[in-house]
Amino acid sequence: MSASVTAPQSERRGATEHGFGLTTAIALIMGSIIGVGIFNLPTSLASYGPITLVSMGLTTVGAIALALLFAALSRRMPADGGPYAYSRTAFGNPLGFANAWSYWITAWAGNAAIAVGWVLYVEEFVNTGHNRLYSVILVLVGLWLPAFVNLSGVKNIGLVQVVTTVLKFVALAFMATVGLFFISTANFTPWNVSGESAVSAIGGGMAIALFSYLGVEVAAVAAGRVHDPDRNIPRSTILGTLATAVVYLLSLTAVFGILPTSELASSTAPFSDAVNQMFGGTWAGNVMSVVVIISGLGALNGWTMICAEMPAAAAKDGLFPERFGHLSDKNIPAFGIVASTTLASIAMIINYLGSNGATVFTTLVLMTGITAAIPYAFSGLAQLKWRFADHRAMETPRFVRDVVVAGVSLVFSVLFIWYSRYTGESFWIYWSPFLLAGGALLLGIPVYRMQHGKMTQPEPVPDYR
């Protein structure tokens, strides 16, 4: 268990006067979930067709289950590192390290994916010919600008998060309301264009859609930055996820209804194209592109913080190198920010060497789905283990709810991994998400061996409350 679990709140990182209140915590949740994933999602899902609206609905069920799971776990154990801390306390250091490493991969590889998707909207204005070298340079700008904001301190992180979250939510809410009046039912046929069975198409769509919900756990991961974590982490997790789910489902339905699937498949900025279709001309699409660009920077801002918070929590327990736990004079784990942004930059450049932006985006999306589902699954297993132990010692009317939520979260996590295959015909493209995720996970072995003798022992799990 991280030392911050038992430390008084006044002694936690990001003390009260510098931490996040409920509003900022909700903005952190929504700002991290709503990046550019949802704004590029119609193009990624177009290879399956409108049937992926079912995928999105089922993924939403899984996301809400995960939100409820992390709300319950964070109430019991408001520890820095969230999923890492739960798996370590429940199953020991080896699995704790594996989950920390996997989640860290999710954070920096997810940032690479967000930045790639962000550039697709930036290139509505510059580099319209999608020159690969210029695209890479633009992605690097998108990655490093939020890194500098994070290095400047917690106050600036929170301010950027609130402002960008309001803008992106307004954009999605507009499409989720006004956009519904421009739907043509003819665009929902053919329903399944993948050539696969309905079950396979829905499953494949779920694996892609998961990326758009990554972030339901970020308030738990950054527990040391949140005021009154017992109260604010569960509330912000549930409220932020529910609000996001509503605008996600309605806006995605609108985009699929406004543009035919064939047009979505070749679009680099589907929400902008949908707005142009609604109002004619390009001015409306340009406005939407600007909002998405700001949205992407907000998501990168939040996820860059998470890139450093997870390894900082693990470093406190000796599972990650000590440098990840050092704080700058701004009370920021600067080494983790720089290291994570560097890795995201490398991952992006490698993927761009042989693919276009849309292919790079989808490959990174599926890769992060795999590495995120691992700590999600172990969080569900930790809750099941603890609640069955609690049930023998203490009856509670919340037992059934907690077990059902944990079980649903576990099932969805396994399904996300199973269906995370690319739809490309090439063997390497088809399995590339697994190959990339597997390679990144294997890189953790020498780090684990190096840190093995420095790891502290987890403390007993706190009592249920």
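Here the structure is shown first, and the text comes after it.
Residues numbered from 1 in each chain as written. Predicted model: local features only at pLDDT ≥ 70, side-chain atom pairs only at ≥ 80, totals over all residues. Heavy atoms only, no water.

(A) Representation of the overall build of the protein chain. Secondary structure summary: the protein chain contains 18 helices and zero strands in total. By residue count, 60% of the 465 residues in the protein chain fall in the buried class. Of all intrachain contacts in the protein chain linking residues separated by at least 6 positions in sequence, the fraction that spans at least 24 positions is 84%. (Helix = DSSP H or I, 4+ residues; strand = E, 2+ residues; numbered from the N terminus. Buried < 20%, exposed > 50% of the residue type's maximum accessible area, 1.4 Å probe, protein only. Contact = heavy atoms within 4.5 Å.)

(B) The arrangement of the nonpolar core in detail. Core analysis: the largest hydrophobic core is formed by 123 residues, its most contacted members being Ile38, Phe39, Met175, Phe271 and Phe320. Sorting elements by how many residues they give to this core places helix 5 (residues 93–122) first, with 18 residues. Excluding residues within four positions of it along the chain, Phe271 makes contact with Ile38, Phe39, Pro42, Tyr121, Leu172, Met175, Ser251, Val255 and Met288. (Core = buried A, V, L, I, M, F, W, Y, C linked by side-chain atoms within 4.5 Å.)

(C) Molecular detail of the packing of helix 4 (residues 83–91) against helix 5. Orientation of helix 4 relative to helix 5, taken along the N-to-C sense of each, is 165°, at an axis distance of 7 Å. As the angle between them shows, helix 4 and helix 5 are arranged roughly antiparallel. The element helix 4 and its partner helix 5 pack so that their crossing is right-handed. Side by side, helix 4 and helix 5 meet where Tyr84, Ser87, Arg88 and Phe91 of the first sit next to Asn93, Leu95, Gly96, Asn99 and Ala100 of the second. When the residues that make up the contact of helix 4 with helix 5 are grouped by side-chain class, the tally is four nonpolar, four polar and one charged. (Axes fitted to C-alpha atoms, helices over the stretch in contact; angles between N-to-C directions. Parallel < 35°, antiparallel > 145°, perpendicular 65-115°, else oblique. Left-handed = near helix turned anticlockwise from the far one by under 90°. Nonpolar A, V, L, I, M, F, W, Y, C, P; charged D, E, K, R; others polar.)

(D) Summary view of helix 5. Helix length check: helix 5, at 30 residues, gives a terminal C-alpha distance of 43 Å against a target of 44 Å (1.5 Å per residue), a fit within 8%. Of all the 30 residues making up helix 5, 27 are buried; the element is thus mostly covered by neighbouring parts of the structure. (Expected span 1.5 Å × (residues − 1).)

(E) Quick peek at the side chain of Asn276. Mapped onto the elements of the fold, Asn276 is located in helix 12 (residues 270–279). Beyond its immediate sequence surroundings of up to four residues, Asn276 is in contact with Gly281, Thr282, Trp283, Ala284 and Gly285.

(F) Inspection of the pattern of salt bridges at higher detail. Per the counting criterion, the structure on display carries five salt bridges. In this structure, Arg76 engages Asp390 in a salt bridge whose closest nitrogen and oxygen atoms are separated by 2.6 Å. Of this pair, Arg76 sits in helix 3 (residues 52–76) while Asp390 sits in helix 15 (residues 357–393), and the two are 314 residues apart along the sequence. Judged by its relative accessible area of 4%, Arg76 falls in the buried class. Three or more residues are tied together by salt bridges with common partners; here these are Arg76, Arg387, Asp390, Arg401 and Asp402. (Salt bridge = Lys/Arg side-chain N within 4 Å of Asp/Glu carboxyl O.)

(G) Structural view of the packing of aromatic side chains. Following the criterion strictly, the structure yields 19 aromatic pairs and no others. Here Phe97 and Trp101 contribute two aromatic rings whose centre-to-centre distance is 5.8 Å and whose plane-to-plane angle is 20°, an arrangement assigned as stacked. Note that Phe97 and Trp101 are positioned in helix 5 at a spacing of four residues, about one turn of the helix. Assigned by exposure class, Phe97 and Trp101 land together as buried. Aromatic side chains Trp104 and Phe324 sit 5.5 Å apart centroid to centroid with 80° between the ring planes, which places their arrangement in the edge-to-face category. Of this pair, Trp104 sits in helix 5 while Phe324 is found in the loop between helix 13 (283–316) and helix 14 (334–352), placing the two residues 220 residues apart along the sequence. Across the pair, exposure class does not vary: Trp104 and Phe324 are buried alike. Feature note: the residues Phe97, Trp101, Trp104, Trp108, Phe320, Phe324, Phe335 and Tyr448 constitute an aromatic cluster, connected by ring pairs. (Phe/Tyr/Trp six-rings, centres within 6.5 Å; stacked < 30°, edge-to-face > 60°.)

Read these as geometric descriptors, not functional statements.
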